[in-house]
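Reading the structure
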Amino acid sequence: MVSGKEYVASVFEKVKEQNAHEEEFLQAVEEVFQSLVPVFDKYPKYVEENLLERLVEPERIVSFRVPWVDDKGQVQVNRGYRVQFSSAIGPYKGGLRFHPSVNQSIVKFLGFEQIFKNSLTGQPIGGGKGGSNFDPKGKSDLEVMRFTQSFMTELQKHIGPDTDVPAGDIGVGGREIGYMFGQYKRLNGYENGVLTGKGLTYGGSLARTEATGYGTVYFAEQMLKARGEDFTGKTAIVSGSGNVAIYATEKLHELGAKVIAVSDSSGYIYHGDGIDLDLLKELKEVKRARISEYVETHPDAVFTRAGDSSIWSLKADLAFPCATQNELNEEDAKTLVANGVIAVAEGANMPSTLKAIDVFHEAGVSFGPAKAANAGGVAVSALEMAQNSGRTAWSFEEVDEKLKGIMKDIYDNSAAAAKEFDAEGNLVVGSNIAGFLKVAEAMSAQGVV
């Protein structure tokens, strides 16, 4: 009989051969595969069913052109994607990312991660992801509208409330979701549950905007509790300044921590007295300005340009990478450890490299991997879907309480799985296994499809 290690290694070799140039996807697959070896030793039927090779191949990948007209009357062309990875436990669910870096590798890694993340929430949703290499930065509202309408004209052929339900991600906020929903409605009629992250006036859920940031902090709260600690008096670094970073900062302040640094692609702000959350929201949610403008209101704060030094060079008790993939590398991790960090919770998707994660584990730092720690956003998206289906709306407090319970369950289930498979305290292993087992059971029950 083939051992779990042999089976995993053979499948990974095949994945590398078939996806040789998709670095981000291979990184995500490798991280998950490393955790699953003991699962196949315990459940050999999954080897017999070749379940891993089936899971790592998307059910469907859609790639399409997106032509649109800019404000100068010139025709522009971007590329759009939707990867429908796994529907074993429910309709495809995952965000849309608009950013110049978007390519098939990135969309596939995000979709693959989404399978396990969605499984961990306990909600009946499968894994998918999509986006475009369109950059909304610097575009007028009319340009964004024209692009998103063109994008949705093609995407709407492949999605639906019980088939595939996209949401937002980097570069896709309330404005973009609104335009896309309007175009979908124009072409298909009113189907409330086809997108999540909608505005409150047309089927959105309270606490959806805050969900990923809040959820990351709720997960970190459980990690600290396991160490016999809490947020009181702790200092924190939060990379990024989008929704996840803003609302992680907000919840950290509420729970007694002090966030001393945030960032965007231009650099980072260090403010020893604590980040001014109202100003951060004004700059990023209202003005869509660069983080450097923060010092115009707070001259005692320090702005450091990107490339001059890393936000991870600062000393803090807690670190929350909430910007983008692979933003925190091995050297950054060593610096954080040397500066006394005790816990790291990932608010972005795969923001830490594999070597950085190894550094944290070796140093005894509590580490919350993205597929567990940042699952709050998709969890509340699933709650939005439930509200849409029931033609009802829950209060902010109701949704927030449900979110907090989901994040605690994710932590508990991940910690329990790690312990069961002889990796106690390793939440990377635990979340990968806990997420995988639910999907594996569903796939096995449904036969070879």
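Residues numbered from 1 in each chain as written. Predicted model: local features only at pLDDT ≥ 70, side-chain atom pairs only at ≥ 80, totals over all residues. Heavy atoms only, no water.

As a reminder, the rule being used: UniProt positions are given in the numbering used here, feature names are shortened, and annotations may be inferred rather than shown by experiment.
Per an unreviewed UniProt entry, the chain carries the name Glutamate dehydrogenase and comes from Streptococcus pluranimalium. The record in UniProt for the chain states the following under Subunit (unreviewed entry): "Homohexamer." Looking at the chain in UniProt, the text filed under Sequence similarities (unreviewed entry) is "Belongs to the Glu/Leu/Phe/Val dehydrogenases family."

1. Regarding the nonpolar core
As a reminder, the rule being used: By nonpolar core we mean a set of buried residues, namely Ala, Val, Leu, Ile, Met, Phe, Trp, Tyr and Cys, connected to one another through side-chain atoms within 4.5 Å. Note on classification: 1.4 Å probe, protein chains only; a residue is buried when its accessible area is under 20% of the maximum for its type, exposed when over 50%, partly exposed between these limits. Note on definitions: a residue-residue contact is assigned when non-hydrogen atoms from the two residues lie within 4.5 Å.
F112, F320 and F436 are the most contacted members of the largest nonpolar core, which totals 96 residues. If near-sequence neighbours (up to four positions away) are discounted, F112 is found in contact with F25, A28, V29, V32, F33, L55, V56 and F85.

2. Details of the packing of helix α6 (residues 141-155) against helix α7 (residues 174-188)
Threshold: Lines fitted to C-alpha atoms define the axes, with helix axes restricted to the stretch in contact, and inter-axis angles between N-to-C directions lie between 0 and 180 degrees. Starting at the N terminus, helices and strands are each numbered in turn, a helix being any DSSP run of H or I of at least four residues and a strand any DSSP run of E of at least two. Roughly parallel here means an angle under 35 degrees, roughly antiparallel means over 145, roughly perpendicular means 65 to 115, and every remaining angle is called oblique. Take the far helix as your reference; a near helix turned counterclockwise from it by less than a right angle gives a left-handed crossing, and one turned clockwise gives a right-handed crossing. In this classification, Asp, Glu, Lys and Arg are treated as charged, Ala, Val, Leu, Ile, Met, Phe, Trp, Tyr, Cys and Pro as nonpolar, and every other residue, Gly included, as polar.
Between α6 and α7, the least distance of the axes is 8 Å, while the angle of their chain directions is 45°. Here α7 runs oblique to α6, going by the angle between their axes. In this structure, the crossing between α6 and α7 has a hand that is right-handed. Packed against α6, whose contacting residues are D141, V144, M145, T148, Q149, F151, M152 and T153, the element α7 presents R175, E176, Y179, M180, Q183, Y184, R186 and L187 at the interface. Across the contact of α6 with α7, the residue classes break down as 8 nonpolar, 4 polar and 4 charged.

3. Quick look at the UniProt feature "active site" (unreviewed entry) in the chain
UniProt's feature table lists "active site" (unreviewed entry) at K129, given in the numbering used throughout. Topologically, K129 is positioned in strand β4 (residues 126-132). Those residues within four positions of K129 in sequence are excluded, and the remaining contacts are R82, V83, G94, G95, V107, L110, G111, Q114, D169 and N349.

4. Things to note about the environment of S444
Within the secondary structure layout, S444 lies in helix α17 (residues 427-446). In this structure the C-alpha to C-alpha distance between S444 and K45, which are 399 residues apart in sequence, comes to 8.8 Å.

5. Section: the UniProt feature "binding site: NAD(+)" (unreviewed entry) in the chain
Under the UniProt annotation, the feature "binding site: NAD(+)" (unreviewed entry) is placed at T212 and N243. These annotated residues cover 32 residues of sequence, and their C-alpha atoms lie no more than 7.9 Å from one another, placing them together at a single site. Residue placement: T212 occurs in helix α8 (residues 208-226). The class for T212 is buried, based on a relative accessible area of 13%. Here T212 is in contact with V244, G347, N374, G376 and G377, once residues within four sequence places are set aside. For N243, the position within the fold is in helix α9 (residues 243-254). Apart from residues no more than four positions distant in its own chain, N243 is found in contact with T209 and E285.

6. Digging into the domain arrangement of the chain
The line we're drawing: Where each domain starts and ends comes from a domain assignment, either automatic or drawn from a database. Accessible area that two parts lose when put together, evaluated with a 1.4 Å probe and summed over both, is termed the buried area. Salt bridge, as used here, is a side-chain nitrogen of Lys or Arg placed within 4 Å of a carboxyl oxygen of Asp or Glu.
Considered domain by domain, the chain is made up of domain 1 (4-56), domain 2 (60-188) and domain 3 (210-372). Computed over C-alpha atoms, the centres of domain 2 and domain 3 are 27 Å apart. On the domain 3 side, the residues contacting the 13 residues of domain 2 number 11 residues. Between domain 2 and domain 3, a total of about 990 Å² is buried, with carbon and sulfur atoms accounting for 48% of that surface. Looking only at domain 2, the three residues that lose the most surface to domain 3 are F109, E113 and K117, adding up to 44% of its buried area. Linking domain 2 with domain 3 are 1 salt bridge.

7. Observations concerning helix α13 (residues 354-363)
Owing to its 3.6 residues per turn, the α-helix brings residues three or four apart onto one side. Rules: Comment: arc refers to directions from the helix axis out to C-beta atoms.
All buried positions along α13 are accounted for by A356, I357, V359 and F360. For α13, the arc enclosing every buried residue in end-on projection is 155°, short of the 170-degree limit, so these residues lie on one face. α13 presents K355 and E362 as exposed residues on the side facing more than 90 degrees away from its buried surface. Just downstream of α13 lies G364, where phi reads positive at about 75°.

8. With respect to the sheet that holds strand β8 (residues 267-270)
Cut-off, in case you're wondering: By the convention used here, strands pair only if DSSP detects at least 2 bridges between them.
With mixed pairing, 7 strands are arranged side by side in an open sheet as β9-β8-β7-β6-β10-β11-β12. Each end of this open sheet is capped by a strand with a single partner; those strands are β9 (302-305) and β12 (366-368). Neighbour-to-neighbour, the strand axes of the sheet open up by a mean angle of 15°, direction not taken into account. The pairing of strand β7 (residues 258-264) with β8 spans 4 bridges and is antiparallel. By the bridge assignment for β8, V262 is matched with I269. Across the face of the sheet, α8 comes into contact with β10 (318-320), β11 (343-345) and β12 while running at roughly 150° to β11. Each of β6 (235-238), β7 and β10 is contacted by α9, which is oriented at about 175° to β7, the strand it contacts most.

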